[in-house]
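Commentary on secondary and tertiary structure
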Amino acid sequence: MLKFVKSHMETIEGVANYPMISLMIFFVFFVALFWWVFTATKEHIKEMGELPLDNDQPNKL
């Protein structure tokens, strides 16, 4: 099975670009997430942290 996949992937032109593109998407996503975490305000983080404990809305079970 692996031999079939490997031989099939070798016939696709430009297949070596896909791992690099996926690595770049992965890297950009986590850099953006890292930036968002460090620029978020303390009030927003506190509000989001208390959201599960908020009993103003009834349970929707």
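Scoring rules and cut-offs
Residues numbered from 1 in each chain as written. Predicted model: local features only at pLDDT ≥ 70, side-chain atom pairs only at ≥ 80, totals over all residues. Heavy atoms only, no water. Helix = DSSP H or I, 4+ residues; strand = E, 2+ residues; numbered from the N terminus. Areas by Shrake-Rupley, 256 points an atom, 1.4 Å probe, with all protein chains shown as cover. Patch = residues over 30% accessible without salt bridge, like charges linked within 9 Å, V, L, I, M, F, W, Y side chains within 5 Å. Salt bridge = Lys/Arg side-chain N within 4 Å of Asp/Glu carboxyl O. pLDDT = per-residue confidence, 0-100. Phe/Tyr/Trp six-rings, centres within 6.5 Å; stacked < 30°, edge-to-face > 60°. Expected span 1.5 Å × (residues − 1). Buried < 20%, exposed > 50% of the residue type's maximum accessible area, 1.4 Å probe, protein only.

Observations regarding the overall build of the protein
Within the protein one finds three helices and zero strands. Tracing the protein from N to C terminus, the helices and strands come up as α-α-α. A total accessible area of about 6600 Å² is found for the protein, and carbon and sulfur atoms account for 70% of it.

Things to note about a nonpolar patch on the surface
Judged by side-chain polarity, Met20, Leu23, Met24, Phe26, Phe29, Phe30, Leu33, Phe34, Trp35, Trp36, Val37 and Phe38 come together as a nonpolar surface patch covering roughly 1400 Å² of accessible area. As for its placement among the helices and strands, methionine 24 is situated in helix H2 (residues 17-39).

Some details on the confidence of the model for the protein
Interpretation of this model should avoid reading the predicted coordinates in detail wherever pLDDT is low. The predicted model of the protein averages 85 in pLDDT, with 89% of residues at 70 or higher. Between the elements of the protein, mean pLDDT differs from a low of 77, seen in helix H1 (residues 2-10), to a high of 94, seen in H2.

Observations concerning the packing of aromatic side chains
Two measures describe an aromatic ring pair: the distance that separates the ring centres and the angle between the ring planes. The final tally for this structure, using the stated rule, is three aromatic pairs. An aromatic cluster of three or more residues is present, and its members are Phe26, Phe29 and Phe30.

With respect to H2
Owing to its 3.6 residues per turn, the α-helix aligns residues three or four sequence positions apart on the same side. The end-to-end C-alpha distance of H2, which contains 23 residues, comes to 33 Å, matching closely the 33 Å that a straight helix rising 1.5 Å per residue would cover. The buried fraction of H2 amounts to zero of the 23 residues, a small share that puts the element mostly on the outside.

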